[in-house]
Amino acid sequence: MWAEQLLSLAGRDSEREASDKAWLFCWFVVFHFMVEEWILVTNRVPGGDAMTIAGNALTHPRSLFAYTLTIAFILACFRRTRRLAVALAAAVIFGVIAFETFPGTANHSYLQLVILILAACFDPEHGEERIVLLQGCRLVMVVVLFYAGLKKALFGTYFEGQMFAVLFAESGRYGALRWILDAVDVTRLGQLGGPAAGAGPYRLTSPLGLLLSNAAYLAEIGCAAGMVVARTRKLAAIAAIGMIALIEIFAREVPFGIFFTTLVLLFLPARILRGAVVAFVLADVVMVLTRLEIFPWWEFV
Amino acid sequence: MRGRGRFLQQKKRLLAVGLVLFAIWPLVQHVLVMRYDVNPWKLAGWAMYCLPTPKPRLWIHTLGPQATEISWETESPELRDAVGRFGQRLWVFGGLAGTPARVAEMVLADRPEVAGIEVTATRLVFEPTTAVFRTQTRTWTFARDAAD
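Description of the structure in this document. This structure is a prediction, so every number in the text was calculated from the model and none was measured.

1. Points about the environment of His126(A)
Residues and elements named next belong to chain A. Note that histidine 126 resides in the loop between α6 (107-121) and α7 (127-155). For histidine 126, a relative accessible area of 21% translates into the label partly exposed. It is 8.2 Å that separates the C-alpha atoms of histidine 126 and serine 19, two residues lying 107 residues apart in sequence.

2. Some points on the interface of chain A and chain B
Residue-level contacts link 56 residues of chain A with 45 residues of chain B. Between chain A and chain B, roughly 4300 Å² of surface is buried when both sides are summed, and carbon and sulfur atoms account for 70% of that area. The largest share of the area that chain A buries against chain B comes from Asn107(A), Lys151(A) and Phe155(A), three residues that together contribute 17% of it. Across the contact surface, chain A and chain B share three salt bridges. Here Glu128(A) makes a salt bridge to Lys12(B), at a shortest N to O gap of 3.0 Å.

3. A short note on α6(A)
The end-to-end C-alpha separation of α6(A) is 21 Å, in line with the 21 Å expected for 15 residues at 1.5 Å each. For α6(A), every residue scored as buried is listed here: Asn107(A), Ser109(A), Tyr110(A), Leu111(A), Gln112(A), Leu113(A), Ile115(A), Leu116(A), Leu118(A) and Ala119(A).

4. Brief notes about helix α11 (residues 233-251) of chain A
Residues and elements named next belong to chain A. An ideal rise of 1.5 Å per residue puts 27 Å on 19 residues; α11 measures up with 26 Å between its terminal C-alpha atoms. Those residues of α11 that fall on the buried side of the exposure criterion are Arg233, Ala236, Ala237, Ala240, Met243, Ile244, Glu248, Phe250 and Ala251. In an axial view of α11, the angular spread of the buried residues amounts to 150 degrees, which keeps them on one side of the axis. Away from its buried face, by an angle of more than 90 degrees, α11 presents the exposed residues Leu235 and Ile238. Buried residues along α11 sit against α1 (2-8), α7, α10 (207-227) and α12 (254-265). Phi turns positive, to about 55 degrees, at arginine 252, one or two residues after α11.

5. Focus: empty space enclosed by the protein
All names here are of chain B. Scanning the entire structure with this criterion turns up two cavities of 30 Å³ or more. Of the pockets and cavities examined, the largest cavity occupies roughly 50 Å³. What lines the largest cavity is simply Asp37, Thr53, Pro54, Pro56, Leu90, Trp91, Gly94, Arg123 and Arg138. Size it by volume and the second largest cavity reaches roughly 40 Å³. In terms of lining, the second largest cavity is formed by Pro56, Leu90, Ala121, Thr122, Arg123, Gln136, Arg138 and Trp140. Residue assignment for the lining of the second largest cavity shows that the elements contributing at least two residues are β3 (116-127) and β4 (132-143).

6. Structural notes on the environment of Trp179(A)
Residue and element names in this part refer to chain A. Tracing the sequence through the fold places tryptophan 179 in the loop between α8 (162-170) and α9 (183-192). By relative accessible area, which is 62% here, tryptophan 179 ends up exposed. Taking C-alpha positions, tryptophan 179 is 49 Å from histidine 126, a pair spaced 53 residues apart along the chain. Once you skip the residues sitting within four places of it in the chain, tryptophan 179 turns out to touch Leu208 and Ile249.

7. Brief notes about the sheet that holds β3(B)
In spatial order, the strands read β2-β1-β3-β4 (chain B); together these four strands make up an open sheet with antiparallel pairing. Among the strands making up the open sheet, the edge pair consists of β2 (69-70) and β4 of chain B.

8. Topic: unusual backbone geometry
Residue and element names in this part refer to chain A. Across the junction of phenylalanine 102 and proline 103, the peptide omega takes the value 10 degrees, indicating a cis bond. As for its placement among the helices and strands, proline 103 is situated in the loop between α5 (82-101) and α6. For the peptide bond that leads from glycine 200 to proline 201, omega is 0 degrees, which places it in the cis range. Mapped onto the secondary structure, proline 201 falls in the loop between α9 and α10.

The rules behind each value
Residues numbered from 1 in each chain as written. Chains lettered and ligands numbered in written order. Predicted model: local features only at pLDDT ≥ 70, side-chain atom pairs only at ≥ 80, totals over all residues. Heavy atoms only, no water. Helix = DSSP H or I, 4+ residues; strand = E, 2+ residues; numbered from the N terminus. Buried < 20%, exposed > 50% of the residue type's maximum accessible area, 1.4 Å probe, protein only. Contact = heavy atoms within 4.5 Å. Buried area = accessible area lost by both parts, 1.4 Å probe. Salt bridge = Lys/Arg side-chain N within 4 Å of Asp/Glu carboxyl O. Expected span 1.5 Å × (residues − 1). Arc of directions from axis to C-beta. 1 Å grid on protein atoms, 1.4 Å probe; cavity = no way out; pocket = protein on both sides within 12 Å on 5 of 7 lines; lining within 4 Å. Points joined across faces, edges and corners; volume = space filled by probe spheres on them. Pairing = 2+ DSSP bridges.

This is the structure we're talking about:
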């Protein structure tokens, strides 16, 4: 059957592995999306001490979505209501897209919605369904990763480091890029500043910068392709995780990085996913404490 | 059990069809980007960080021998909201965003002495080959008779 063949591109877990992974994955994504939504709410309130920020966040109009995701998370902690939790979380994300962000919705919200819909449609507590659920989630991730790389190549903005140059020139947020640029590029791009009519050329001369710029799309396409071939699957997944970690050093979109890495981890044994989830939960807690200004502030979204 | 098995087979087929559509859509989105200036960062094309896409800026001028600029930023919240919404649509949908007819309607309703208005949107477009930004301008004209 062609559907089986297509799904088999993502590999097939044993019943034991699928059993260990599926519920943990569903639980974690609901937890992570809940944390992310609360962080988004706190981003909309004035700063101050932790109690002030928390109080403002808890009473902000946007917190309705966060409260609903909190209910979803509570439901996700129980086996019987886990699928309901995922469906509720999917409804929340859909609500955010439909009533708040569309048409300017960030792509990662669409990815969240697709994954949650998958998890709601396939029972993580049923043998064959959870195997199919994991296959579906892996293939969705592979498609996203492949196109992230292909589109970079199609637009041609990475062959001469053009995109890196613009990001570095326009915003201090990507200041870490200076580690891969030579002094000439740092000076020239600093003088160029952000986008303006006639401004440019925004391209790199630094060998390391050019190397990494071209490695970016090659790695994305290569890892995606490698993950659908049985022999290279695990290696490609490990390489993808390394690549995501490297990207996050510069982009610092940590919540998305955690979510996407969790999807990649579905290709690896359950024990690795378990260890990673522990680390990711801690990271989420740190992000919340940072947003409450209990820890020193740093940009991570 | 047999019923569940058949249902699962149907769900697998649906999933497979969904995955194929999910894999095709970014190509469709790419065509929309290239032909209609749709924002590559949006609409699930997975082209984030592929092309700098600054937001457009909007200006409103009255028509006539003494054309003046209307500072929409200092106008009513309703007009600011309408301009903001159109600007957002323009940023995401590009050439598919439609026209700022609603904005024109509101301005002309507030200014009965004005014969018409012109809405101008400028945006910076990045050219990968030259690595330079250039300006792209779009203009919509609304005369009072036509708008009414």
